Amino acid sequence: MATATSVVPDLAWTKKISSPHELADYRQALLAGMDPDAPCIRVCCGTGCKAVGSLDVLEAMKAAVAAAGVDVKVMPEVKRTGCHGFCSRGPLLTFQPQGLFYQRVTPGDAAEIIQKTAVGGELIPRLLYKPPGAKEPIAKVGDIPFFAKQTKVVLQRVGRIDPFDIRDAIAAGAYEGLAKVLSGMTPQQVIEEIKTSRLRGRGGAGFPTGIKWESCAAQPGRHYVICNGDEGDPGAFMDASVMEGDPHAVLEGMAIAAYAMGSDRGFLYVRLEYPLAVQTLAAAIRQAEDLGLIGRNIMGTDFSFRTSISTGAGAFVCGESSALMSSLEGKVGRPRAKYIRSTEKGFRDSPSNLNNVETYANVPAIILRGGPWYTSYGTERSAGTKVFSLTGNVHNVGLVEVPMGTSLREIVYGIGGGIPNKKELKAVQTGGPSGGCIPIPSKFLDINVGFGKLAEIGSMMGSGGMIVMDENTCMVEVSRYFINFLVEESCGQCTPCREGLTRMKETLTRITVGEGREGDIEMLEEIGTFTNSFSLCGLGTSAANPVLSTIKYFREEYDAHIHDKKCPAGVCKPLFYYEIDPETCTGCGLCRKRCPAAAVEGEKKKPHTIHQELCIKCMECYRSCKFDSIRIK
Amino acid sequence: MKIVMDGKEVAAERGQTIVEVARRNGVYIPTLCHVPALEPAAMCRICTVELAEGRRSRLVTACNYPLRSDAEIHTDTPLLRQNRKVLIELLASRCPGSETLRELAERYGADLNRFPAEDRQCIMCGLCARVCERVGGNVLALCGRGVEIRVDTSFGRLSPTCIACTACVQICPVNAIRFEDVDGERRVIVRGKEASRVPLRRCTSCGARFGPVIDLVPVLERAGESGVPPFNASVCPACSRRNLARRLAERHFEQHAVEPRDAGEES
Amino acid sequence: MSESEAICCQEPEVDFVVLDRIIHEEFGGRREKMIMMMQTIQRHYRYLPEPALYYLAQVLGVPLTKIYEVATFYASFSLVPKGKHLLHVCTGTACHLRGSGGMVRHVAAKLGIAPGGTTPDMKFTLETVNCLGACAVAPVVVYDDKYYPQANVGKLNEFIEKANAD
């Protein structure tokens, strides 16, 4: 990982930690060297902020600090951290110890931030966050509803620590759970603690983690501990943020799992599209090995645990456990048709425990604070917290951690800030391509998000993607989108998934171009039921969920496409056209400028018109119009 | 272990699959991708049955589900018949004209023309690829993924490793693979496209072409028969039989001192 | 195998020293690491040259069909060379809702290639990616490894013009 080496401190010269107790001493020594009141600027460098140039901001901040070169005492430390969560306001940074929050920062702002805020102690109002509709900006992180309404367990260190420096993580409490385990807990006690916590797998299926560990531990032979970092659901980036922001939580969780199951070997299977996660994990493993926290004789005990990273090669189906293990063995990632659990016979035909990134990241906190503490969050059936990636048509796009059982209303409106552009909320899609669309507004807005509840209404928890859809979303098109995704990502080996998806895609495509026929809906239901009941793996048996759930809740939209040849939401191109309302059009010319097809015509300050034969229906004019004058017909 | 299949208690041994038990007890379960000689792959899914073990009832594939405890199995419920019907109809669109599918369609009342035909001459049962891996030269494989998965050779080229055993030809349930012997070569043709050309031996006795020229050692190794000396005849089976007959006749006549007749003129 | 030799002669650019370094030094010649070896080979050549896979099969003792299966199964592998400029359009759900599908169709129509395809002059390759995890700034495109947030058709036209002007 050549690109990361420049920022990774080399700890090979450091003395290895030789007992669990010594870790506490090491942390005390680290804390003693840190002044809690010293100014520190945390620049978010998660994938979202990186995409909008946060690395340039980081460099500019460092340069600005160096250039200022005034009183050494107040010189803030500029720290590169993982995702802060508030992705739609990036690039962003927080200013400690006051906890100031600056958003939409550009490299050009760096000097001013240092001069005014670091040296002068003043706020820069233009960089502060102003909630939609509010008059006054909010200066502090803790006062912003997006942050204030969250409960951080998994994400407790994400965005606070430098993921490339293990000392920062240790100072913040990393590996304390592992030290506790190694200083006297038996493997059975560890499993009991996890069982007490009622932690369930965060990857989608929600299998109780403690029970899985127990059954794996009971098997003879060499055990493997595998972490599923192949987060493939489009629109979900929770696991990426955890791996990028706090890789040590994952490693520590895996090591504790390995101890509980008597394993000495672990694998992290990381999605290829997450190069940053691979870098942070690789750096974390190397530093943890240097300090003796991973590897041979961890913290001077008899327990050894080696782990390495394998990357996927772009296959959604590899998130399925048996497919993942095949892929880890260097083979084609097709799910195996075997009625045997991977905890009995998995990777290399040995007992293997596979958990998702977020599941492992929960483990250290549970060990440290106890199972009962964990169950104080969440509901009876779904304990603890869950990280969601809130995306789509919502004000505050980003990473959200809330206790299980929080209502959709609280997530979408309380934390998410509601729907932008005065649009109506139409649906929330959870569970990725295997999940369903929950219709809103109706009784479902106050549903409590948890494993059981979502399954009851035809969706699923999935890994935690939550996509908010407004009135301009066509549900037929959405289900065509997901089916098309699965058509490409199906492994193709079993008939129902392969043929059923082909047929459903063909039918849905027909409907979205206005060639729907009488009986299409019933046929979709018939094929969907067949696919869901006869398929081989979890991908296949949930593949029809997007279709079945949208038919169930939005049947009238299907009818409109098929019978009236209309797309009410204005998405399916052959089924609508744009028209400019001459009454409200001010002739500002913005749509004319934006139109890539030169289809808009009109004189300045006079109502414009759209040439239908030139229009490519790219939505540019519709989105750019400030007066709501573009109408969907 | 008590196994009840369609209401009747049947004999079963622990670890046997549902299909094995059904076959032994004369219960019909349709299969398309299953032959007893190969490890089950559960790809076609038509053998799906309803299984109740304890309180839980679920759908499992009969070809690879090992029976380990008391169970009640239903092999022909309305739900299964309905889904099998859809399955056959879907497969028929990619492989119209298949006799195997026509027979199944009759049984389950499926409409073979329900979906527009797109003739791929293949139902993707994967048997050819599996048998090729097991006994052949690893020539055919399931390439690509998603709905575009297909049976192909590496890079779509003529395979250099084919041993022309034609196991794929024999096993294909929709007769999409054939072979022909032309110009001293055996050509294996998969869905109309040549997959390999293997030269044939020339009989040193009559000059006719027979059996492919291949290195059998790796094949025998794979079959767990590494000690067996490979077959290396230079005479075709017909001539070999004729020669043997002639030798036997010569010996007979030598012993009985009778003038031999010309063996070649026998009919 | 006469055929593989013939192919190796056609494409002499494969450097076996490089392959040996990847297979043995980087991954210890272990069969389980085959996918990662292939990724490294692909990074080196920007695609998977056929002779390299023949060689990999020989060295690892894996049937060529197994390697071909892997190469065609995983979306990130390409058996044909990529163009000089690489455009990835994210088609994750958030990006899709904000019009990335239309952008893909636009570029595909303009260049006359399907997603995954390369223009005949080898200047431009269009690819789609399922989710880059930057949903907040949807729709996202990555052009020559640089992220472009909130992209639109106009932006893509710029890329195409720039690539053609090269």
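Everything quoted here is computed from the prediction, not taken from an experiment.

1. Describing the overall build of chain C
Moving on, step 1. A count of helices and strands for chain C gives 8 helices and 4 strands.
Moving on, step 2. Moving toward the C terminus, one meets the helices and strands of chain C in the order α-α-α-α-α-β-α-α-β-β-β-α.
Moving on, step 3. Judged by the C-alpha coordinates and their principal axes, chain C covers about 50 × 30 × 25 Å.
Moving on, step 4. Here chain C holds 166 residues, and the buried ones make up 46% of them.

2. Some thoughts on the overall build of chain B
Moving on, step 1. Helix and strand counts for chain B stand at 7 helices and 11 strands.
Moving on, step 2. The C-alpha radius of gyration computed for chain B amounts to 25 Å, which surpasses the reference 18 Å derived for 267 residues by more than 25%, pointing to a less compact arrangement than a globule.
Moving on, step 3. With respect to the principal axes defined by its C-alpha atoms, chain B has extents near 80 × 45 × 35 Å.
Moving on, step 4. Considering chain B as a whole, with its 267 residues, one finds that 38% of them fall into the buried category.
Moving on, step 5. Put simply, 50% of the contacts in chain B that link residues at least 6 apart link residues at least 24 apart.

3. So, the sheet that holds strand β3 (residues 93-96) of chain A
Residue and element names in this part refer to chain A.
Moving on, step 1. With respect to topology, 4 strands assemble into an open sheet ordered β2-β1-β3-β4, the strand pairing being mixed. Two strands close off the open sheet at either side, each with one partner strand: β2 (77-81) and β4 (100-102). If you compare each strand with its neighbour and ignore which way they point, the axes differ by 20° on average.
Moving on, step 2. The pairing of strand β1 (residues 40-44) with β2 spans 5 bridges and is parallel. Bridge assignment links Val43 to a residue of β2, and that residue is Arg80.

4. Quick look at the sheet that holds strand β10 (residues 398-403) of chain A
Residue and element names in this part refer to chain A.
Moving on, step 1. Read from one edge of the open sheet, 5 strands run β10-β9-β13-β11-β12, paired in mixed fashion. At either end of the open sheet lies a strand with only one pairing partner, and these are β10 and β12 (436-439). Recorded for the sheet is a direction-independent mean angle of 30° between the axes of neighbouring strands.
Moving on, step 2. Note that strand β9 (residues 385-392) and strand β13 (residues 465-470) share 4 bridges and pair parallel. By the bridge assignment for β13, Gly392 is matched with Val468.

5. Let's talk about the domain arrangement of chain C
Moving on, step 1. The assigned domain composition of chain C is domain 1 (2-73) and domain 2 (85-165).
Moving on, step 2. The C-alpha-based centres of domain 1 of chain C and domain 2 of chain C are spaced at 30 Å.

6. Comments concerning unusual backbone geometry
Phi is mostly negative for residues that are not glycine, and the peptide bonds are mostly trans.
Moving on, step 1. Omega for the bond connecting Gly90(A) with Pro91(A) falls within 30 degrees of zero, at -5°, which places this linkage in the cis form.
Moving on, step 2. Following Ala138(C), the chain continues to Pro139(C) via a peptide bond in cis, the omega torsion being -10°.
Moving on, step 3. Following the sequence through the fold, Pro139(C) ends up in the loop between β2 (124-129) and β3 (141-143).
Moving on, step 4. Even without a glycine there, the phi angle at Asn421(A) is positive, about 60°.
Moving on, step 5. Inspection of the secondary structure puts Asn421(A) in the loop between α17 (408-415) and β11 (425-430).

7. Structural notes on the interface of chain C and chain B
Moving on, step 1. Contacts between the two partners involve 11 residues from chain C, matched on the other side by 11 residues from chain B.
Moving on, step 2. Counting residues per element, the side of chain C that touches chain B draws most heavily on helix α5 (residues 64-73) of chain C, which supplies 6 residues.
Moving on, step 3. Across the side of chain C that touches chain B, the residue classes tally to 5 nonpolar, 3 polar and 3 charged.

8. Structural notes on the domain arrangement of chain B
Residues and elements named next belong to chain B.
Moving on, step 1. Under the domain assignment used here, chain B contains domain 1 (3-108) and domain 2 (127-202).
Moving on, step 2. Computed over C-alpha atoms, the centres of domain 1 and domain 2 are 28 Å apart.
Moving on, step 3. Counting from both sides, the interface comprises 8 residues of domain 1 and, opposite them, 7 residues of domain 2.
Moving on, step 4. For the side of domain 1 that touches domain 2, the residue count by class is 6 nonpolar, 2 polar and no charged.

9. What to know about helix α2 (residues 78-94) of chain B
Moving on, step 1. A rise of 1.5 Å per residue sets the reference length of α2(B), with its 17 residues, at 24 Å; its end C-alpha atoms lie 25 Å apart and thus fit the reference within 8%.
Moving on, step 2. Burial of α2(B) is extensive: 12 of the 17 residues sit out of reach of the surface.
Moving on, step 3. For α2(B), every residue scored as buried is listed here: Leu80(B), Asn83(B), Arg84(B), Lys85(B), Val86(B), Leu87(B), Ile88(B), Glu89(B), Leu90(B), Leu91(B), Ala92(B) and Arg94(B).
Moving on, step 4. Of the surrounding secondary structure, the elements contacted by the buried residues of α2(B) are α20 (495-512) and α21 (520-534) of chain A together with β3 (48-53) and α3 (99-108) of chain B.

10. Things to note about the environment of Met34(C)
Moving on, step 1. Positionally, Met34(C) belongs in helix α3 (residues 34-45).
Moving on, step 2. Those residues in contact with Met34(C) that lie beyond four places of it in its chain are Gly330(A), Leu60(C), Val62(C) and Val70(C).

11. Here's the deal with the packing of helix α9 (residues 187-197) of chain A against helix α10 (residues 209-217) of chain A
Describing two packed helices takes the angle between their axes plus the distance from one axis to the other.
Residue and element names in this part refer to chain A.
Moving on, step 1. Their axes nearest at 7 Å, the elements α9 and α10 cross at an angle of 155°. As judged from the angle between their axes, α9 and α10 are roughly antiparallel. Read as a crossing pair, α9 and α10 show a hand that is left-handed. Listed contacts from α10 to Pro187, Ile191, Ile194 and Lys195 of α9 are Thr209, Gly210, Ile211, Trp213, Glu214 and Ala217.

12. Description of the interface of chain C and chain A
You'll often see interface size given as the accessible area lost when the parts meet.
Moving on, step 1. Taken together, the contact pairs 37 residues of chain C with 41 residues of chain A.
Moving on, step 2. Counting residues per element, the ones that place at least two in the side of chain C that touches chain A are α3, α5, α6 (93-97) and α8 (153-165) of chain C.

13. Some details on the packing of α2(B) against α3(B)
All names here are of chain B.
Moving on, step 1. Two numbers describe how α2 lies on α3: the axes approach to 10 Å, and their chain directions differ by 150°. In terms of axis orientation, α2 runs roughly antiparallel to α3. In this structure, the crossing between α2 and α3 has a hand that is left-handed. Facing α2, whose interface residues are Arg81, Arg84, Lys85, Ile88, Leu91 and Ala92, α3 presents Leu101, Leu104, Ala105 and Tyr108.
Moving on, step 2. Its residues assigned to classes, the contact of α2 with α3 comprises 7 nonpolar, no polar and 3 charged.

14. Re the environment of Cys135(C)
Moving on, step 1. Along the polypeptide, Cys135(C) turns up in the loop between β2 and β3.
Moving on, step 2. When the 33 C-beta atoms within 10 Å are taken as the criterion, Cys135(C) is described as buried.
Moving on, step 3. A sequence separation of 75 residues divides Cys135(C) from Leu60(C), and the C-alpha atoms of the two residues are 40 Å apart.
Moving on, step 4. Dropping the residues within four chain positions of it, Cys135(C) is found in contact with Gly235(A), Phe237(A), Ser389(A), Thr391(A), Val397(A), Gly92(C) and Ala94(C).

15. Let's talk about the confidence of the model for chain C
Should the pLDDT be low somewhere, the predicted coordinates at that spot are not to be read in detail.
Residues and elements named next belong to chain C.
Moving on, step 1. Taken as a whole, chain C shows an average pLDDT of 87; of its residues, 93% reach a score of 70 or greater.
Moving on, step 2. Predicted confidence is poor over residues 1-10, with pLDDT under 50, and the contacts of this stretch with residues over four places away or in other chains come to 10 contacts.
Moving on, step 3. For this predicted complex, the interface confidence comes out at an ipTM of 0.89, alongside a pTM of 0.91.

16. Some words on the pairing of strand β10 (residues 193-202) of chain B
Residue and element names in this part refer to chain B.
Moving on, step 1. Judged from the 6 bridges that link them, strand β9 (residues 185-190) and β10 form a sheet pairing that is antiparallel. Looking across to β10, one finds that Glu185 is bridged to Pro199.
Moving on, step 2. Note: β10 against strand β11 (residues 209-212), 3 bridges, orientation antiparallel. If you follow Arg201 over to β11, its bridge partner there is Phe210.
Moving on, step 3. Counted between consecutive antiparallel strands, the loop separating β10 from β11 contains 6 residues, among which Gly207 sits at a positive phi close to 85°.

17. Here's the deal with α17(A)
Since the α-helix advances by 3.6 residues per turn, residues separated by three or four positions end up pointing in the same direction.
Residue and element names in this part refer to chain A.
Moving on, step 1. Within the sequence span of α17, burial applies to Leu408, Ile411, Val412, Gly414 and Ile415.
Moving on, step 2. Residues of α17 that are buried in the fold lie against α6 (145-148), β9, β10, β11 and β13.
Moving on, step 3. Once α17 finishes, Gly417 follows within two positions and takes phi at roughly 80°, a positive value.

18. A closer look at the environment of Asp10(A)
All names here are of chain A.
Moving on, step 1. Along the polypeptide, Asp10 turns up in the loop between α1 (2-5) and α2 (20-32).
Moving on, step 2. Note on Asp10: 10 C-beta atoms within 10 Å, which makes it exposed.
Moving on, step 3. Sequence separation between Asp10 and Leu590 is 580 residues, and the spatial gap between their C-alpha atoms is 54 Å.

The rules behind the values
- Residues numbered from 1 in each chain as written.
- Chains lettered and ligands numbered in written order.
- Predicted model: local features only at pLDDT ≥ 70, side-chain atom pairs only at ≥ 80, totals over all residues.
- Helix = DSSP H or I, 4+ residues; strand = E, 2+ residues; numbered from the N terminus.
- Buried ≥ 20, exposed ≤ 12 C-beta atoms within 10 Å, placed from the backbone.
- Rg over C-alpha atoms; globule rule 2.2 N^0.38 Å.
- Contact = placed C-beta atoms within 7 Å.
- Pairing = 2+ DSSP bridges.
- Axes fitted to C-alpha atoms, helices over the stretch in contact; angles between N-to-C directions.
- Domains from an automatic or database assignment.
- Nonpolar A, V, L, I, M, F, W, Y, C, P; charged D, E, K, R; others polar.
- Expected span 1.5 Å × (residues − 1).
- Parallel < 35°, antiparallel > 145°, perpendicular 65-115°, else oblique.
- Left-handed = near helix turned anticlockwise from the far one by under 90°.
- pLDDT = per-residue confidence, 0-100.

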